[in-house]
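# Chains, contacts and geometry: an overview
The primary structure of each chain is shown beneath.
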Amino acid sequence: MVSIRDLLSESLAIGETFCLELEQRDDLLVADHPYAASPMDVAVVEGVERLEERPPTDPVEVEIVGRIVDDRIAGRVVGLECDDDSTRGDRVGVTASER
């Protein structure tokens, strides 16, 4: 049986990694959620010490984690550069045919 928690987790992409452009909002680094249907933006609150600039000028790899910060889903920086094949909002390491 699928629970509401499982469905919400899937729609928020918890545990998935994306190439995201970050911007400063309300003293947080924030990105639009890569899934248009997601009810929340992403607040990047972990791994920010790795960033040389805040906000960074280029997209970075961010993993969505399973907690809420200021009405946003939390994320953590896992890579300072995105793969050549990834674009803003695309899943890192997933080919177009797998999307």
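Structure shown above.
This report concerns the structure included in the present document. Just so it is clear, the model here is predicted, and its values are computed rather than measured.

## Points about the sheet that holds strand β3 (residues 28-31)
Strand order in the open sheet made by the 6 strands is β1-β5-β6-β4-β3-β2, with mixed pairing throughout. If you trace the sheet from one side to the other, it starts and ends with β1 (17-20) and β2 (23-25), each paired once. Sheet twist, expressed as the average angle between the axes of neighbouring strands with direction ignored, equals 50 degrees. When β1 meets strand β5 (residues 60-69), the two strands line up antiparallel, connected through 4 bridges.

## Details of the layout of surface pockets
One number sums up the size of the largest pocket: a volume of about 190 Å³. What lines the largest pocket is simply R50, L51, E52, E53, P56, T57, D58, P59, V60, L80 and E81. In terms of residue class, the lining of the largest pocket is made up of 5 nonpolar, 1 polar and 5 charged.

## Regarding the nonpolar core
Of all hydrophobic cores here, the largest spans 17 residues; its most connected members are L20, L22, V42, V44, L51 and V62. It is β5 that provides the largest number of residues to this core, a total of 3 residues. Apart from residues no more than four positions distant in its own chain, V42 is found in contact with L20, L29, V30, A31, H33, P34, V62, I64, R72, I73, A74 and G75. Listed in part, the 6 residues of the second largest apolar core include A43, V65, V69 and A74.

## Thoughts on the environment of L28
Examined against the element boundaries, L28 turns out to sit in strand β3. You can call L28 buried: its relative accessible area is 13%. For the pair formed by L28 and V69, sequence separation is 41 residues and the distance between their alpha carbons is 9.6 Å. Setting aside chain neighbours within four positions, we find L28 in contact with E23, A43, V45, V69, D70 and R72.

## Things to note about the packing of aromatic side chains
By the definition in use, this model includes 1 aromatic pair. The interplanar angle of 85 degrees and the centroid separation of 5.6 Å between the aromatic rings of F18 and Y35 together place this pair among those described as edge-to-face. Of the two residues, F18 is situated in strand β1 and Y35 in the loop between β3 and β4 (42-46); the sequence distance between them amounts to 17 residues. By relative accessible area, F18 is classed as buried at 0%.

## Some points on the pattern of salt bridges
Where charged atoms from two side chains of opposite charge approach closely, those side chains can pair. On inspection of all chains with the given rule, the structure shows 7 salt bridges. D26 is the salt-bridge partner of R72, the closest N and O atoms lying 3.3 Å from each other. Highlighted residues: R72 in strand β6 (residues 72-79) and D26 in the loop between β2 and β3, separated in sequence by 46 residues. Relative accessible area serves as the criterion here: at 12%, R72 is assigned to the buried category. Residues joined by salt bridges that share partners form a network here, namely E23, R25, D32 and D41.

Definitions and cut-offs
Residues numbered from 1 in each chain as written. Predicted model: local features only at pLDDT ≥ 70, side-chain atom pairs only at ≥ 80, totals over all residues. Heavy atoms only, no water. Pairing = 2+ DSSP bridges. Helix = DSSP H or I, 4+ residues; strand = E, 2+ residues; numbered from the N terminus. Axes fitted to C-alpha atoms, helices over the stretch in contact; angles between N-to-C directions. 1 Å grid on protein atoms, 1.4 Å probe; cavity = no way out; pocket = protein on both sides within 12 Å on 5 of 7 lines; lining within 4 Å. Points joined across faces, edges and corners; volume = space filled by probe spheres on them. Nonpolar A, V, L, I, M, F, W, Y, C, P; charged D, E, K, R; others polar. Core = buried A, V, L, I, M, F, W, Y, C linked by side-chain atoms within 4.5 Å. Buried < 20%, exposed > 50% of the residue type's maximum accessible area, 1.4 Å probe, protein only. Contact = heavy atoms within 4.5 Å. Phe/Tyr/Trp six-rings, centres within 6.5 Å; stacked < 30°, edge-to-face > 60°. Salt bridge = Lys/Arg side-chain N within 4 Å of Asp/Glu carboxyl O.

Such coordinate-based values are descriptive only and should not be taken to indicate function.
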